[in-house]
Amino acid sequence: MILTSTIINKIQSKIKYSTINEIKDCVSAILEIMSYVLQKNKKIEIRKFGCFYIKKHAQRIAINPKNNEKFIAKEKLVVRFRASEIIKKCLINNNARGL
């Protein structure tokens, strides 16, 4: 897991001429825009990285594992991420090296 503060610090280490507050504002704006777009049920595509999209899970009959009782699980929306081929290759290469 990586925190927003870690992302901000890594960006600041690469962009020396921006202040922490400017970078915080930019990162916050990006995350707000992404949230807004996903709330509108639209796809976000970041080239060479991947796509974020909303998937609808239909209502279904589920089983409570504690007591084996059946119940109706309501339909819900979940955010999904599909990595680009470049990211997939990087992940495969890093796993092969034990990273």
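Scroll up to find the structure.
This is a predicted model, so every value here is computed, not measured.

Undergrad: Provide a residue-level description of helix H2 (residues 20-39), including the pertinent values.
TA: An ideal rise of 1.5 Å per residue puts 28 Å on 20 residues; H2 measures up with 28 Å between its terminal C-alpha atoms. Lining the buried residues of H2 we find helix H1 (4-14), strand S1 (44-46), strand S2 (50-57) and strand S5 (76-83).

Undergrad: An account of the packing of H1 against H2 is needed here, citing residue identities and associated values.
TA: At their nearest, the axes of H1 and H2 sit 10 Å apart, and the two run at 125 degrees to each other. Here H1 is positioned oblique relative to H2, judged by the angle of their axes. Handedness of the H1/H2 crossing: right-handed. Facing H1, whose interface residues are Thr-4, Ile-8, Asn-9, Ile-11 and Gln-12, H2 presents Ile-20, Ile-23, Lys-24, Val-27 and Leu-31.

Undergrad: Describe the pattern of salt bridges, with residues and values.
TA: Evaluated as defined, the whole model comprises three salt bridges. Glu-45 is the partner of Arg-47 in a salt bridge, and the nearest nitrogen-oxygen pair spans 3.5 Å. In this structure, Lys-56 and Glu-75 form a salt bridge, with 3.6 Å as the shortest nitrogen-oxygen distance. Taken together, the positions of Lys-56 in strand S2 and Glu-75 in the loop between strand S4 (70-73) and S5 put the pair 19 residues apart, joining distant regions of the chain. Residue Lys-56 is classed as exposed on the basis of its relative accessible area of 53%. A relative accessible area of 47% means that Glu-75 is categorised as partly exposed.

Conventions we followed
- Residues numbered from 1 in each chain as written.
- Predicted model: local features only at pLDDT ≥ 70, side-chain atom pairs only at ≥ 80, totals over all residues.
- Heavy atoms only, no water.
- Helix = DSSP H or I, 4+ residues; strand = E, 2+ residues; numbered from the N terminus.
- Expected span 1.5 Å × (residues − 1).
- Contact = heavy atoms within 4.5 Å.
- Axes fitted to C-alpha atoms, helices over the stretch in contact; angles between N-to-C directions.
- Parallel < 35°, antiparallel > 145°, perpendicular 65-115°, else oblique.
- Left-handed = near helix turned anticlockwise from the far one by under 90°.
- Salt bridge = Lys/Arg side-chain N within 4 Å of Asp/Glu carboxyl O.
- Buried < 20%, exposed > 50% of the residue type's maximum accessible area, 1.4 Å probe, protein only.

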